[in-house]
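# Results of the structural survey
Each chain is listed here by its residues.
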Amino acid sequence: MNEPLWECLQRLPALNLPDWYLGAGCIAQTVWNLSHGKAPHADILDYDLVYYDRDLSEERESNLAHDAQELVADLQIELDVTNQARVHIWYPTLFGYCIQPYQSTEDAIGTWPTTATAIGVRPDGAELEVWAPLGTDDLFDLVVRPNRVQITPTIYDAKVARWIARWPSLVALPWNEGVGPAGQRHLGTLK
């Protein structure tokens, strides 16, 4: 079990963030670590905490990021806290092209770079709610397939190179074998 991930899921509800999930790499890389015989939390650079707040101020996002990091400071992890309602504002500066504003956190997760990392989880009582709009087959089969909805081949190739170095059993599919816009599915809750 990835103890820092589990602790985050226990503590983060205290922030009362709207429409939040913990997702992307911290979920996929936990699975990859376990499949490679590594400690579940090894090689995870950050834990993506995403939420959707119509308050688009950078100050509010910064304050929430600070509060979230303080909440998990003893876990010695880095939280990457992002208001998905603001992403379209800074995305062109970081990546060089514009994107449409997201309509929800679930909408944003559906654009994340690979089928394996397009996943978010959050507690739902004693269970976990999972949002994986592109399914979980690639995640558990150790397949890295591009989600071509938003990223470029250059971004994908850089991620693949970094990941293969850490998790050599991953099967990285070429750009032309990726998926485009797909219908999103809610996978429900896990007991």
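Model, not experiment: these values are computed from the prediction.

Right, let's talk about the overall build of the chain for a bit. A tally of regular secondary structure across the chain gives seven helices and eight strands. Here the C-alpha atoms of the chain give a radius of gyration of 16 Å, agreeing with the 16 Å that 2.2 N^0.38 yields for 191 residues. Seen through its principal axes, the chain has C-alpha atoms that stretch 40 × 40 × 30 Å. Counting across all 191 residues of the chain, residues that qualify as buried make up 49%. Partitioning the contacts of the chain with sequence separation of at least 6, the portion at a separation of at least 24 is 70%.

In this structure, the largest pocket occupies an estimated 760 Å³ of space. The wall of the largest pocket is formed by 29 residues, among which Ala-24, Asp-48, Asp-80, Pro-113 and Lys-159 lie closest to the centre. Listed by contribution, the elements that provide at least two residues to the lining of the largest pocket are α2 (25-35), β2 (47-51), β3 (79-83), α4 (87-95) and α7 (153-166). Looking at side-chain class alone, the lining of the largest pocket contains 15 nonpolar, seven polar and seven charged residues.

With respect to the helices and strands, Asn-33 occurs in helix α2. Among the polar contacts made by the side chain of Asn-33, one reaches the main-chain carbonyl oxygen of Ala-42 at a distance of 2.6 Å. For Asn-33, the residues in contact, after removing those within four places along its chain, are Lys-38, Ala-39, Pro-40, His-41, Ala-42, Ile-44 and Trp-167.

Below, the discussion takes up the packing of aromatic side chains. Within this structure, the stated rule accounts for six aromatic pairs. Between the aromatic rings of Trp-32 and Trp-163, the centroid separation amounts to 5.2 Å while the plane-to-plane angle is 65°, which identifies the pairing as edge-to-face. Of this pair, Trp-32 sits in helix α2 while Trp-163 is found in helix α7, placing the two residues 131 residues apart along the sequence. Through successive ring pairs, a cluster of aromatic residues spans Trp-90, Tyr-91, Phe-95 and Tyr-97. The ring of Tyr-21 is capped by Arg-122, whose NZ or CZ atom sits 4.1 Å from the centre of that ring.

Attention shifts here to helix α1 (residues 3-11). Along α1, the residues that are buried comprise Pro-4, Leu-5, Cys-8 and Leu-9. On an axial view of α1, the arc spanned by its buried residues comes to 140°, and they lie on one face. Next to the buried residues of α1 lie β1 (21-23), α2, β2, β3, β4 (120-124) and β5 (127-131). Of the residues that open α1, the one with a side-chain oxygen 3.1 Å from the backbone nitrogen of Leu-5 is Asn-2.

Turning our eyes to something else, we now look at the nonpolar core. Formed by 40 residues in total, the largest nonpolar core has its most connected members in Leu-22, Trp-32, Leu-49 and Leu-79. Only α1, α2, β2, α3 (58-71), β3, β5 and α7 provide two or more residues apiece to this core. Of all the elements, α2 adds the most residues to this core, at five residues. Non-local contacts of Leu-22, meaning those with residues more than four positions away in its chain, are made with Leu-5, Cys-8, Leu-9, Leu-12, Ile-27, Tyr-47, Asp-48, Leu-49, Leu-79, Ile-119, Gly-120 and Val-121.

Reading the values: rules and limits
Residues numbered from 1 in each chain as written. Predicted model: local features only at pLDDT ≥ 70, side-chain atom pairs only at ≥ 80, totals over all residues. Heavy atoms only, no water. Helix = DSSP H or I, 4+ residues; strand = E, 2+ residues; numbered from the N terminus. Rg over C-alpha atoms; globule rule 2.2 N^0.38 Å. Buried < 20%, exposed > 50% of the residue type's maximum accessible area, 1.4 Å probe, protein only. Contact = heavy atoms within 4.5 Å. 1 Å grid on protein atoms, 1.4 Å probe; cavity = no way out; pocket = protein on both sides within 12 Å on 5 of 7 lines; lining within 4 Å. Points joined across faces, edges and corners; volume = space filled by probe spheres on them. Nonpolar A, V, L, I, M, F, W, Y, C, P; charged D, E, K, R; others polar. Polar contact = N/O pair within 3.5 Å; in protein donor to acceptor, adjacent residues only side chain to side chain. Phe/Tyr/Trp six-rings, centres within 6.5 Å; stacked < 30°, edge-to-face > 60°. Lys NZ or Arg CZ within 6 Å of the ring centre and 35° of its normal. Arc of directions from axis to C-beta. Core = buried A, V, L, I, M, F, W, Y, C linked by side-chain atoms within 4.5 Å.

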